[in-house]
Amino acid sequence: MDFDHLWAELAPVGRDPDSGGYHRHAWNAADAEARAWFTDAARARDLDVRTDRNGNLWAWWGEPAPGAVATGSHLDSVPDGGAFDGPLGVASALAAVDVLRERGLTPDRPLALAVFVEEEGGRFGVPCLGIRLTAGEIDPDRVRALTDADGTTWAEAMARAGLDPAALGPDPHTLGLLDAFVELHVEQGRHLADTPHAVAAASTVWPHGRWRLDLTGRADHAGTTRLEDRADPMLPFARTVLAARESAAAHDARATVGKVRAVPNGTNAIASRVSGWLDARAADRSTLEAVVAGVRGEAERSAAEHGVELRVAQESDTPVVEFPHALRDRVAAVLERRAPEPGVPVLPTGAGHDAAVLAAHVPTAMLYVRNPTGVSHSPHEWADPEDCHVGVTALADVLQDLLER
Ligand code: HGY
Ligand code: MN
Ligand code: MN
Ligand code: MN
């Protein structure tokens, strides 16, 4: 199994030497280096690497044809993110091909390894952009116009990476070839940490979404402007941050405000504008709506109190995803064969995934690999090497089961 070699090659790409976190984002230099690594490693395995119209990479074992099985994940990270979220699924897919070949498998249906662009939305704000474009779930014109913190558009960044942004759009042909898609992913929580199980199957992905918050007040002098004369957007913004926590706590849900920008951002000036993003998630849609309503209500009340204009725009929406039971149970049964004891966990998650988008178009399943820290979206994200090897073997078993059916 070549996993350790693959991991040793990939791990340094885009890693900040000080924090140990990763900065791989759509079309930046680290992303290009990670994509080149994948392309080289796939070609070294005689896989035919193709780039779809949205920049997603598809490495084929066998000619693309109906009945194909696919696996893969993403290589991009959140800002200063962990090493495993995404890349573990990609490196494990390559290593699983090695395992299947060592087993002498010559599949009579094609296997595709996929790398999806901008899953985290770390640069352009909207998650799962590559697979949403290919699945026809987001307007290409909207994507082309998305901007990063420096004002660079997706179209400009994609063109600089050598791809044609005019080509963006749905790719029903590729998705139509797929009979099944399986994503292996590091677990983003501690459900496996205190169990004998290194791998688990996935049951559901919570509904979740992202809302952009823009508050516009009035820039003014921090020292001479009387409090009663201020329209300071930071105040309703601060209230909104607290409301996210309070509303999530009241509904046993999750809500976070991040990606904060204040303009101008001086120490002795009242900002004119403050923007941020609300990330809200809950086990069901009605709870999610209640959480967001609570946050929005407090933001509107506080903005009015301070004479600040508020704009709230939903930027992404992921419905609850229930992975198909037949495929889920089939995957769990395959995992049971090597489980250290019966009862392979089948886990819900509040984390979004490319598989959660694909699930509306292709029978989809997920595997999780134990994360003893439970921490993710942080340099402290972790998976033990031996658990990674168990994950590769499990993925190979699942792919073999699907390829031979
Ligand atoms: O945000 C998420 O849940 C995923 O990690 N992209
Ligand atoms: Mn090598
Ligand atoms: Mn992530
Ligand atoms: Mn991920």
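Analysis parameters
- Residues numbered from 1 in each chain as written.
- Chains lettered and ligands numbered in written order.
- Predicted model: local features only at pLDDT ≥ 70, side-chain atom pairs only at ≥ 80, totals over all residues.
- Heavy atoms only, no water.
- Axes fitted to C-alpha atoms, helices over the stretch in contact; angles between N-to-C directions.
- Helix = DSSP H or I, 4+ residues; strand = E, 2+ residues; numbered from the N terminus.
- Parallel < 35°, antiparallel > 145°, perpendicular 65-115°, else oblique.
- Left-handed = near helix turned anticlockwise from the far one by under 90°.
- Contact = heavy atoms within 4.5 Å.
- Nonpolar A, V, L, I, M, F, W, Y, C, P; charged D, E, K, R; others polar.
- Expected span 1.5 Å × (residues − 1).
- Buried < 20%, exposed > 50% of the residue type's maximum accessible area, 1.4 Å probe, protein only.
- Polar contact = N/O pair within 3.5 Å; in protein donor to acceptor, adjacent residues only side chain to side chain.
- Donors = N, O, S within 2.8 Å, 3.2 Å for Na, K, Ca; no water.
- Core = buried A, V, L, I, M, F, W, Y, C linked by side-chain atoms within 4.5 Å.
- Near = heavy atom within 4 Å.
- Areas by Shrake-Rupley, 256 points an atom, 1.4 Å probe, with all protein chains shown as cover.
- Pairing = 2+ DSSP bridges.
- pLDDT = per-residue confidence, 0-100.
- Lys, Arg positive; Asp, Glu negative; His and termini not counted.
- Salt bridge = Lys/Arg side-chain N within 4 Å of Asp/Glu carboxyl O.

- The name given to the protein chain in an unreviewed UniProt entry is Allantoate amidohydrolase, with the source organism recorded as Nocardiopsis coralli.

### Digging into the packing of helix α1 (residues 3-10) against helix α2 (residues 29-43)
Now for step 1: At a minimum axis separation of 10 Å, α1 and α2 run at an interaxial angle of 150°. Taken together, the axis directions place α1 and α2 in an arrangement best described as roughly antiparallel. The two elements α1 and α2 meet at a crossing, and its hand is right-handed. On α2, the residues touching L6, E9 and L10 of α1 are A34, W37 and A41.
Now for step 2: Split by residue class, the contact of α1 with α2 holds five nonpolar, no polar and one charged.

### Thoughts on α2
Now for step 1: A rise of 1.5 Å per residue sets the reference length of α2, with its 15 residues, at 21 Å; its end C-alpha atoms lie 21 Å apart and thus fit the reference within 8%.
Now for step 2: Within α2 the residues assigned to the buried category are A30, D31, A34, R35, W37, F38, T39, A41 and A42.
Now for step 3: Here the buried face of α2 lies against α1, β1 (48-51), β2 (57-61), α3 (87-102) and β4 (111-116).
Now for step 4: At the N-terminal boundary of α2, the capping side chain belongs to N28, with an oxygen 3.3 Å from the backbone nitrogen of A30.

### Digging into the coordination of the manganese ion (ligand 3)
Now for step 1: In this structure, D85 (OD), E120 (OE), E120 (OE) and H377 (NE2) serve as the protein donors to the manganese ion (ligand 3), at separations of 2.0 to 2.7 Å.
Now for step 2: Written as a sequence motif, the donor residues of the manganese ion (ligand 3) are D-x34-E-x256-H.
Now for step 3: Here the manganese ion (ligand 3) and the manganese ion (ligand 4) are spaced 3.6 Å apart, and both take D85 as a donor. With E120 in the loop between β4 and α4 (129-134) and H377 in the loop between β15 (364-369) and α12 (385-403), the pair connects residues that are 257 residues apart, well separated along the chain.
Now for step 4: The exposure class of E120 is buried, given its relative accessible area of 6%.

### Observations regarding the nonpolar core
Now for step 1: In terms of nonpolar packing, the biggest core is built from 60 residues, with W37 and F38 touching the most fellow members.
Now for step 2: When residues in this core are grouped by element, the largest group, ten residues, is from α3.
Now for step 3: Once residues lying within four places of it in the same chain are set aside, the contact partners of F38 are L57, A59, L75, V90, L94, L113 and V115.
Now for step 4: One finds A112, C128, V321 and A355 within the second-largest nonpolar core, a separate group that totals 28 residues.

### A word on the coordination of the manganese ion (ligand 4)
Now for step 1: Here the manganese ion (ligand 4) is held by H74 (NE2), D85 (OD) and H185 (NE2), and the distances to it run 2.1 to 2.2 Å.
Now for step 2: All donors of the manganese ion (ligand 4) come from a single chain, and their spacing in sequence reads H-x10-D-x99-H.

### Details of the site of ligand 1
Now for step 1: Taken together, D85, E119, E120, Q188, R210, R281, A351, G352 and H377 make up all the residues around ligand 1.
Now for step 2: Measuring from a nitrogen atom of ligand 1, one finds a side-chain N or O atom of E119 at 3.0 Å.
Now for step 3: The separation between an oxygen atom of ligand 1 and a polar main-chain atom of G352 is 2.7 Å.
Now for step 4: When isolated, ligand 1 has an accessible area of 210 Å², and the protein chains bury 95% of it.
Now for step 5: Across the shell around ligand 1, the residue classes tally to one nonpolar, three polar and five charged.

### A closer look at the sheet that holds strand β12 (residues 309-318)
Strand pairing in a sheet relies on backbone hydrogen bonds, with the paired strands running either antiparallel or parallel.
Now for step 1: Taken in spatial order, the four strands of this open sheet run β9-β11-β7-β12, and their pairing is antiparallel. Single-partner strands in this sheet number two, and they are β9 (254-263) and β12. If you compare each strand with its neighbour and ignore which way they point, the axes differ by 15° on average.
Now for step 2: Contacting β7 (208-216), β9 and β11 (273-281), helix α8 (residues 234-250) crosses the sheet at an angle of about 165° to β9.
Now for step 3: Each of β7, β9, β11 and β12 touches helix α9 (residues 285-305); the most contacted strand, β12, lies at about 165° to it.

### Focus: the confidence of the model for the protein chain
Now for step 1: Averaged over the protein chain, the pLDDT score is 97; the fraction of residues at 70 or greater is 100%.
Now for step 2: For this predicted complex, the interface confidence comes out at an ipTM of 0.91, alongside a pTM of 0.96.

### Considerations on α8
Now for step 1: With 17 residues, α8 should cover 24 Å at 1.5 Å per step; its first-to-last C-alpha distance of 24 Å lies within 8% of that length.
Now for step 2: Three or more residues of α8 are buried, namely P236, F237, T240, A243, A244, S247 and A248.
Now for step 3: Along its buried surface, α8 packs onto β7, β9, β11 and α9.
Now for step 4: Of the residues trailing α8, D252 is marked for its positive phi of about 50°.

### Describing the side chain of D31
Now for step 1: Summarising the element assignment, D31 is placed in helix α2.
Now for step 2: Buried and without a salt bridge, D31 has R35 as its closest oppositely charged side chain, separated by 4.4 Å.
Now for step 3: Setting aside anything within four residues of it in sequence, one finds D31 in contact with R24, H25, A26 and D76.

### What to know about the environment of P363
Now for step 1: The residue P363 is located in the loop between α11 (354-358) and β15 in this model.
Now for step 2: Using a relative accessible area of 39% as the deciding quantity, one classes P363 as partly exposed.
Now for step 3: Residues P363 and R328, spaced 35 residues apart in sequence, show a C-alpha to C-alpha distance of 9.5 Å.
Now for step 4: With residues near it in sequence (within four places) discarded, P363 still touches D179, A180, F181, P324 and L327.

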